[in-house]
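Examining the three-dimensional arrangement
So you can see what is in the structure, the chains are spelled out below.
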Amino acid sequence: MSVSYSISDLAQELGVTTRTIRFYEEQGMLAPERRGQERIYSARDRVTLMLILRGKRIGFSLAECKELIDLYDPAGGNRKQLDHFLEKIAERREHLARQLLDIQQMQRELDTAEQRCLSALKDIPATA
């Protein structure tokens, strides 16, 4: 017997709204079975949704998440997916490192601007 989930089950378990799940379905990333108006999600849909949410948490775009999901192949051990995921992680780390350097540079520039303002204020007589 295969495991299945309702949209509300998945939403509650993964801490998202049903609207979020429907959005990913509209994007073609989830393909639940239909029983009348009811959506029935498979274990694969659950894993897919978990991958999307994890990807979004670590800053991947929806397109990058879709790339990773398209490589999902449990029968093949997911080697391609895991290798691609490692590449994406390395890219994300490089991007974050560049952003961190940019932030540190901005902080130095703010410190300099602040010191100049404070210095200039010392030269201006206080008004009554």
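The rules behind these values
- Residues numbered from 1 in each chain as written.
- Predicted model: local features only at pLDDT ≥ 70, side-chain atom pairs only at ≥ 80, totals over all residues.
- Heavy atoms only, no water.
- Phe/Tyr/Trp six-rings, centres within 6.5 Å; stacked < 30°, edge-to-face > 60°.
- Buried < 20%, exposed > 50% of the residue type's maximum accessible area, 1.4 Å probe, protein only.
- Pairing = 2+ DSSP bridges.
- Helix = DSSP H or I, 4+ residues; strand = E, 2+ residues; numbered from the N terminus.
- Axes fitted to C-alpha atoms, helices over the stretch in contact; angles between N-to-C directions.
- Contact = heavy atoms within 4.5 Å.

Under an unreviewed UniProt entry, the protein chain has the name DNA-binding transcriptional regulator, MerR family and belongs to Pseudomonas straminea.

1. Focus on the packing of aromatic side chains
The relation between two aromatic rings is expressed through the spacing of the ring centres and the mutual angle of the planes. Within this structure, the stated rule accounts for two aromatic pairs. Taking 5.5 Å as the distance between ring centres and 65 degrees as the angle between the ring planes, the aromatic pair formed by Phe-23 and Tyr-24 counts as edge-to-face. Among the residues examined, Tyr-24 registers a relative accessible area of 8% and is labelled buried. Relative to Phe-85, the ring of Phe-60 has its centre 6.0 Å away and its plane inclined at 85 degrees; by these criteria the two rings are edge-to-face.

2. Focus on the sheet that holds strand S2 (residues 33-35)
Reading across the sheet, the three strands line up as S1-S3-S2 and stay open at both edges, with antiparallel pairing between neighbours. Looking at the sheet topology across the chains shown, the edges are occupied by strand S1 (4-6) and S2. Across the sheet, the mean angle separating the axes of adjacent strands is 35 degrees when strand polarity is ignored. Pairing of S2 with strand S3 (residues 38-42), which is carried by three bridges, proceeds in the antiparallel orientation. Within S3, the position partnered with Arg-35 by the bridge is Glu-38. The strands touched by helix H1 (residues 7-14) within the sheet are S1 and S3, with S1 carrying the most contacts at an inclination of about 90 degrees. Across the face of the sheet, helix H3 (residues 43-57) comes into contact with S1 and S3 while running at roughly 80 degrees to S3.

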